[in-house]
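Residue strings, one per chain:
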Amino acid sequence: MSTATPPRMATVWCPDWPVTAARMTSGAPGDAPVAVFTANHVVACSAVARSVGVRRGMRRREAQYRCPDLVVLPRDETAEARCFEPVITAVESVVPAVEVTRPGLAAAGVRGPIRRFEGESGLIDALWRAVGWLTEDACQIGIADGSFAAEQAARLGRIVPAGESADFLANFPVSTLSAFGHAELVDLLQRLGIHTLGGFAALPAKDVSMRFGPAGAWAHRQAGGRDDRPIVVREPPPECTITVELDTPVDRVDVVAFSARSAAERFISGLAARGLSCACFELEAFTDNGEQLTRRWRHPGVLTAPDVVDRIRWQLEGWLHGMAARGGGGTDPDPGDRPTAGITRLRFVPVETVPTGAHQQSLWGGAGEAGERAHRALARVQTMLGLGSVVVPAIEGGRSPLDRTQLVPWGEERVSVREPARPWPGRLPSPAPSVLIDPPRPAKVLDEGGQPVRVSDRGAVVRPPRCFGVGNEAPVAVTSWAGPWPVDERWWDPATASRVVRLQLVDVRGRAYLVVGDMSAPAAPTWHLEGVYD
Amino acid sequence: MADVATLLSSTANPATVAPRPTAPTLPVSPALAPVLPDGLRRGSTVAVSGSVSLLLALLATASDEGAWCALVGMPPISAEAAQDVGIELSRLPMVPHPGENWVVVVGALIDAVDVVVARVPARLADGDIRRLAARVRSRGAVFMPFLTGRAHWPHADVRIAAEGGSWSGIGLGYGRLRQRQITVSANGRGSAARPRSTALWLPTASGGIEPYLSQPLAAVV
């Protein structure tokens, strides 16, 4: 068994890329403190924001408390990919065969280019000249053995001499590995008292492999600065390449992505049938007019079919919409890079495959197979009716029944905005109305005098409800009712504040309704039907 | 190794898996056993009318045991109500607005999921109805047309309807909606020809389904 030295890699790392991308698209000034949020938590923040104590994972309220003039931006992953596209092109002009790990991080082999640039520092200079201005001078470049060490070197902006990667990595904390999908392993190692990569690398490889399986062995090799791929990188068989022909040229990213979904599954399952998983693949896109864009995508673990589809989205988003979306604030309106026709062909070429370890699809089909079939049919329906036409319900936090139901577009990751497990005082207890009226419809809730029911400032009905009707229906008699339950939400924010009361009504037909009354004008209240207990 | 590879390739292609000759059934909640003693037979059409809660309750046990249920053209359903009755939300995809592609969408889903619930549009060609019914039989799915207003479904094997309904727990200005007593009746063709009916608590105070006993489940205010 030869312990092949891992290839020398140069890595271009743009710190806080989500922030840079969000700033480019929103046009926020460069010196303002900026933080990018997903689900109310900081995903990334600018250096200015970090200097006053904003940290990743912090809640928005706390971040704003530490930095009152913080610019809050939502995360936009497609924009990140789009803005990174010019950077990749610039890197490609210096070194061939760039591998994109994710937007904000790209790597390339340096063996060939070094001679041209007279050494590694010359190469770094050339890369810097190509890339620096595109990333607002916020990028760092490093060179080391293997892509894992090279990424760490880029974070420090260093060149690690050949053969010294293991020593370089030894003092890093084991938590460095968590970004590579080894979170559980890191947790366990820390509890075992192993705190540095050097300590982990010192464990015998055989024992690590026995105790932690293939994933653990892989992490162990990364930590030791040895090849970050398993030793035998198999040459992927050429027949695993998959080509997708689109009948008509398509210029919408979502349509291409959905058309390519089943091909992506065939690509992954074709490799799996040979006992291989894909760690790096090349995606070639061709247009009707013969233009071509090829990107190489590397995954820190192994690619699954949805991962492949995500990368199709990223690549095409950048190519098809790149410069157009940068629009007014664009630094470089270069229409020459955009294709002149729709996409007609995609090709997936496996570049690096590894023997399948724990990543096998279930052997006997079973529940997985029914799910796969449903997934395919729903993807087809969504392609036919458009994105967002198929939804999956999920429970969300909130007080009104409408708030508590979230509809997630099919295939998208669910992002919870409000934590459902919190108590949410003021919400109605079970049973929930089975049918929601979205948006709520105007309703007539009348007292015995035929006037809309009013609720006093003390939260009691002035005269009890007698009749109820929706829209233009003739009102019918109410046989029983309960409430009113006041909810005064977000009173500190005039834009979203709501002050409402809710009533439950049962009419003579035995049907039960949930109505909501706006309390901002108690003298002339407006009632809306929000749900039916059907 | 070669054997495993053959096995894999034969199970990986769903087109080669023919529907089994004796169509198995999908389970329903024990409370519904008096009206559906055999559960939901695969390949059958079960028309439901009168209550969305009843519809959700019919799906609950099957969904909980791993079945995929799709809703087409239904009004917005509360995720809470669905979960409380026992449905696994991640296996409950919805197509709220199929528009004029209603028949195509329902047909595509009948091929792929275990139960397809669809609100029947007011006007539907007889030919489409026959074709869908035939597809349901050959694919081994359960099709549940949900009938509202004047919509009808002439080829249903079983018709289930909810009638009446009286809420307890709520008075004139006090209490709250707690549970509803409802009568569910079923009739149909073949083995389901004899009309059956049962009284249920639907929903119960926790949003589930229970047989109606002489004593109410929760203390009534």
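Now for a description of the structure that goes with this document. None of these values were measured; they are calculated from a predicted model.

### Focus: the overall build of chain A
When you go through chain A residue by residue, the secondary structure sums to 16 helices and 19 strands. Here chain A holds 534 residues, and 50% of them are scored as buried. Here the contacts in chain A between residues at least 6 apart in sequence split such that 57% fall between residues at least 24 apart. For chain A, the accessible surface area stands at approximately 24,900 Å², while carbon and sulfur atoms represent 52% of it.

### Concerning the pattern of salt bridges
Residue and element names in this part refer to chain A. One pass over the structure, following the stated rule, counts 24 salt bridges over all chains. Between Arg252 and Asp254 there is a salt bridge, and its shortest N-O distance comes to 2.9 Å. Put simply, Asp507 and Arg509 hold a salt bridge, and the shortest N to O gap is 2.9 Å. Within this structure, Arg8, Glu120 and Asp145 form a network of salt bridges that share partners.

### Thoughts on the packing of aromatic side chains
This structure, assessed with the given rule, holds nine aromatic pairs over all chains. When the centroid spacing of 5.7 Å and the interplanar angle of 75° are considered together, the rings of A:Tyr533 and B:Trp167 count as edge-to-face. Within this pair, whereas A:Tyr533 is found in strand β19 (residues 527-533), its partner B:Trp167 is found in strand β8 (residues 158-170), the two belonging to separate chains. Among the residues examined, A:Tyr533 registers a relative accessible area of 4% and is labelled buried. Ring geometry for B:Trp201 against B:Tyr212: centres 5.2 Å apart, planes inclined by 55°, an arrangement best described as tilted. In this pair, B:Trp201 is assigned in strand β10 (residues 196-201) and B:Tyr212 in the segment after β11 (210-211), connecting sequence segments 11 residues apart.

### Concerning helix α7 (residues 147-156) of chain A
Residue and element names in this part refer to chain A. Burial analysis of α7 places eight of its 10 residues in the buried class, the great majority of the element. Every buried residue of α7 is accounted for by Ser147, Phe148, Ala149, Ala150, Glu151, Gln152, Ala153 and Ala154. Looking one or two residues past α7, Gly157 carries a phi angle of roughly 65°, positive in sign.

### Some points on the sheet that holds strand β4 (residues 71-74) of chain A
Residue and element names in this part refer to chain A. Read from one edge of the open sheet, three strands run β3-β2-β4, paired in mixed fashion. Since the sheet does not close on itself, it has two edges, and those belong to β3 (41-45) and β4, each with one partner. When the angles between neighbouring strand axes are averaged without regard to direction, this sheet yields 40°. Where helix α1 (residues 17-26) meets the sheet, it contacts β2 (34-38), β3 and β4, and its direction lies at approximately 100° from that of β2.

### Details of the sheet that holds β19(A)
Residues and elements named next belong to chain A. Spatial strand order, β14-β15-β16-β17-β18-β19: six strands in a closed barrel with antiparallel pairing. Between one strand and the next, the sheet's axes are offset by a mean angle of 45°, whatever the strand orientation. The pairing of strand β14 (residues 435-447) with β19 spans five bridges and is antiparallel. From the neighbouring strand, Pro442 faces β19, where its bridge partner is His528.

### Some words on the interface of chain A and chain B
With 48 residues of chain A at the interface, the matching set in chain B holds 54 residues. Between chain A and chain B the total buried area reaches about 4,200 Å² when both faces are included, carbon and sulfur atoms providing 66% of it. Considering only the surface of chain A that becomes buried against chain B, A:Pro393, A:Pro431 and A:Asp534 emerge as the three largest contributors, covering 13% of it. Joining chain A to chain B, the criterion identifies two salt bridges. A salt bridge links A:Arg404 to B:Glu80; the shortest N-O distance between them is 2.9 Å. Scanning the region where chain A abuts chain B turns up 15 residue pairs in polar contact (both at pLDDT 80 or more). Contributing elements (two or more residues each) for the side of chain A that touches chain B: α15 (367-385), β12 (391-395), β13 (405-409), β14, β16 (476-489) and β17 (498-507) of chain A. When residues of the side of chain A that touches chain B are assigned to their parent elements, the largest contribution, 13 residues, is made by α15(A).

### Structural notes on the nonpolar core
Core analysis: the largest hydrophobic core is formed by 68 residues, its most contacted members being A:Phe468, A:Leu529, B:Leu54, B:Leu59, B:Leu92, B:Met144 and B:Ile160. No other element matches helix α2 (residues 52-64) of chain B, which puts nine residues into this core. Look past the residues within four positions of A:Phe468 in its chain and what remains in contact with it is A:Ala443, A:Lys444, A:Val445, A:Pro475, A:Val476, A:Val478, A:Leu505, A:Tyr513, A:Val515 and A:Leu529. With 64 residues, the next largest nonpolar core counts A:Leu134, A:Ile143, A:Leu271 and A:Leu320 among its residues.

### A look at the environment of A:Val506
As for its position among the elements, A:Val506 is in strand β17. Distance in space between the C-alpha atoms of A:Val506 and A:Tyr533 is 9.5 Å, their sequence separation being 27 residues.

### A closer look at the environment of A:Gly132
In this structure, A:Gly132 sits in the loop between α6 (120-131) and β7 (140-145). In the structure, A:Gly132 is positioned 42 residues away from A:Ala90 in sequence and 9.6 Å away in space, judged by C-alpha atoms.

### Some words on unusual backbone geometry
Cis geometry marks the peptide bond from A:Asp438 to A:Pro439, where omega comes out at -5°. Along the chain, the position of A:Pro439 falls in strand β14. Between B:Leu202 and B:Pro203 the backbone carries a cis peptide bond, its omega angle lying at -10°. Of note, B:Pro203 is situated in the loop between β10 and β11. A positive phi angle, close to 55°, is found at A:Asp16, a residue other than glycine. Although it is not a glycine, A:Asn40 adopts a positive phi angle of roughly 70°. Of the residues examined, A:Asn40 reaches a relative accessible area of 32% and is grouped as partly exposed.

### As for the packing of helix α4 (residues 102-112) of chain B against helix α5 (residues 126-139) of chain B
Residues and elements named next belong to chain B. It is at 9 Å that the axes of α4 and α5 come closest, and there the two elements cross at 10°. Viewed along their axes, α4 and α5 adopt a mutual orientation that is roughly parallel. Here Trp102, Val103, Val106, Gly107, Ala108, Ile110 and Asp111 of α4 come into contact with α5, specifically with Asp128, Leu132, Arg135, Val136 and Arg139. Residues belonging to the contact of α4 with α5 are distributed by class as follows: seven nonpolar, one polar and four charged.

### Brief notes about the pairing of strand β3 (residues 46-49) of chain B
Residue and element names in this part refer to chain B. Note: β3 against β8, four bridges, orientation parallel. Bridge pairing in β8 links Ser49 to Ala161. In terms of strand pairing, β3 meets strand β7 (residues 142-147) through two bridges, oriented parallel. Across the sheet, the residue bridging to Ser49 is Leu147, located in β7.

What counts, and where the lines are drawn
- The residue numbers shown here count from 1 along each chain, following its written sequence.
- Just so you know, chain letters begin at A and ligand numbers begin at 1, following the order they were written in.
- For a predicted model such as this one, the threshold for reporting local features is a pLDDT of at least 70, and the threshold for listing and counting side-chain atom pairs is 80 or more; totals across whole chains, interfaces and linings nevertheless cover every residue.
- The basis for the side-chain values is all heavy atoms of the structure; hydrogens and waters are excluded.
- Only DSSP runs of H or I with at least four residues qualify as helices, and only runs of E with at least two residues qualify as strands; both kinds are numbered from the N terminus onward.
- Between buried and exposed lies partly exposed: a residue is buried under 20% and exposed over 50% of the maximum accessible area for its type, with that area taken using a 1.4 Å probe on protein chains only.
- By the convention used here, residues are in contact when the closest approach between their heavy atoms is within 4.5 Å.
- With residues, only the protein chains shown are counted as cover, and all accessible areas are computed by Shrake-Rupley using a 1.4 Å probe.
- The term salt bridge refers to a side-chain nitrogen of Lys or Arg lying within 4 Å of a carboxyl oxygen of Asp or Glu.
- Between 30 and 60 degrees the pair is tilted, below 30 it is stacked and above 60 it is edge-to-face, where a pair is any two Phe, Tyr or Trp rings, Trp via its six-membered ring, whose centres lie within 6.5 Å.
- In this analysis, strands are considered paired if DSSP registers two or more bridges between them.
- Helix axes are fitted to C-alpha atoms over the stretch in contact, other axes to C-alpha atoms as well, and angles between N-to-C directions run from 0 to 180 degrees.
- For any pair of parts, buried area is found by adding up, for both, the accessible area (1.4 Å probe) each one loses once the two are put together.
- For the purposes of these results, a polar contact is taken to be a pair of N or O atoms within 3.5 Å, where, inside protein, one atom must be able to donate a hydrogen and its partner to accept one; residues adjacent in sequence count only when each atom of the pair is a side-chain atom.
- Note on terminology: a nonpolar core comprises buried Ala, Val, Leu, Ile, Met, Phe, Trp, Tyr and Cys residues joined through side-chain atoms within 4.5 Å.
- The cut-offs work like this: below 35 degrees is roughly parallel, past 145 is roughly antiparallel, 65 to 115 is roughly perpendicular, and the gaps in between are oblique.
- We call Asp, Glu, Lys and Arg charged. Ala, Val, Leu, Ile, Met, Phe, Trp, Tyr, Cys and Pro are nonpolar, and the rest, Gly among them, are polar.

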